[in-house]
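What follows is each chain in one-letter form.
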Amino acid sequence: MEAIASWTESLRDTISAAAGLEQAIIATENHCPRAINEPVQRLVASLRYGTLEDGLRRFADDIAHPSCDFVVAALITASAHHSRDLAQLLTHLAECSRSECELYLRIWVSRARTRTSVRIISGTILCFAVGLFIFNMSYLHPFFSREGSLVFLVIAACFGSSLYWMSHIARVETPGRLLASRGVVKA
């Protein structure tokens with residue numbers, strides 16, 4: 001996301017000095033962030049042999065991130081309708097991308113605590129169960145009857161489902177993309 005924001009700002013700054021959007025994109029090829037260097041090079045190469053819209057859509061598919069989809073949608077719209085406020089829009093999109101990056105970092109840090117808690121709880125339960133088997137097998141004799149086995153299965157299901165939900169809480173899911181892959185793009 002940071003690379004997308006940097007490239008968007010570079011593109012914004014280059015647009016004012018370049019003759020057009022395609023020339024601005026070509027000019028950003030040499031100093032784009034490393035994380036998106038290859039997709040930008042493919043975008044520039046596709047501009048030489050195809051349309052701007054198809055190249056931008058392929059670029060969005062290469063990056064496959066919702067923030068990039070917004071930038072690409074803005075560029076496609078600007079190229080089709082000759083937008084005057086493209087620099088302002090790109091500035092806003094870069095700021096949004098940076099804000100989203102900071103938000104994901106904060107979420108990741110807070111969920112790291114949850115992941116650590118899941119590990120500690122899982123390890124404690126496992127150590128307790130192994131300790132019971134090794135050191136106090138007589139405590140487990142009631143669980144070897146039919147009713148005891150049923151109670152054991154209910155307890156195990158409760159622990160298993162709670163561990164599953166705790167691990168589910170610790171995952172970070174990205175939103176769906178604005179520009180879905182179109183499959184084969186006509187060149």
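Only a predicted model underlies this, so the values are computations on that prediction, with no experimental measurement involved. (Residues numbered from 1 in each chain as written. Predicted model: local features only at pLDDT ≥ 70, side-chain atom pairs only at ≥ 80, totals over all residues. Heavy atoms only, no water.)

Novice: Help me get a handle on the overall build of the protein, residues and values and all.
Specialist: For the protein, the count of helices and strands is seven helices and zero strands. Going residue by residue from the N terminus, the α and β elements of the protein occur as α-α-α-α-α-α-α. The C-alpha atoms of the protein give a radius of gyration of 26 Å, which is well past the 16 Å a tight globule of 187 residues would have. For the protein, the spread of C-alpha atoms along the three principal axes comes to 85 × 35 × 25 Å. Contacts spanning at least 24 positions in sequence make up 62% of the contacts within the protein whose residues lie at least 6 apart. Counting every atom, the protein has about 12,000 Å² of accessible surface; 62% of that belongs to carbon and sulfur. (Helix = DSSP H or I, 4+ residues; strand = E, 2+ residues; numbered from the N terminus. Rg over C-alpha atoms; globule rule 2.2 N^0.38 Å. Contact = heavy atoms within 4.5 Å. Areas by Shrake-Rupley, 256 points an atom, 1.4 Å probe, with all protein chains shown as cover.)

Novice: For the pattern of salt bridges, give the residues involved together with the corresponding values.
Specialist: Going through the model one piece at a time under the given rule, you end up with six salt bridges. The salt bridge partner of Arg98 is Glu9, with a shortest N-O separation of 2.5 Å. A residue pair is termed long-range when its members are at least 10 positions apart, and Arg98 in helix H6 (residues 86–135) and Glu9 in helix H1 (residues 2–15) qualify at 89 residues. By relative accessible area, Glu9 is classed as partly exposed at 21%. With its nearest N and O atoms 3.8 Å apart, the salt bridge here joins Arg42 to Glu38. Placement of both Arg42 and Glu38 in helix H3 (residues 37–49) is noted, with a separation of four residues, approximately one turn of the helix. (Salt bridge = Lys/Arg side-chain N within 4 Å of Asp/Glu carboxyl O. Buried < 20%, exposed > 50% of the residue type's maximum accessible area, 1.4 Å probe, protein only.)

Novice: For the nonpolar core, give the residues involved together with the corresponding values.
Specialist: Ranked by internal contacts, the top residues of the largest apolar core, which has 29 residues, are Trp7, Ile25, Leu56, Phe59, Val72 and Leu75. Among residues more than four places away in sequence, those in contact with Leu56 are Ile25, Leu43, Val72, Leu75 and Ile76. (Core = buried A, V, L, I, M, F, W, Y, C linked by side-chain atoms within 4.5 Å.)

Novice: I'd like to hear about H6, residue by residue, with values.
Specialist: Relative to the 74 Å expected for 50 residues at 1.5 Å per residue, H6 spans 71 Å between its end C-alpha atoms, a close match to the ideal helical length. Its buried side turned inward, H6 meets H1, helix H2 (21–27), helix H5 (66–81) and helix H7 (146–169). (Expected span 1.5 Å × (residues − 1).)

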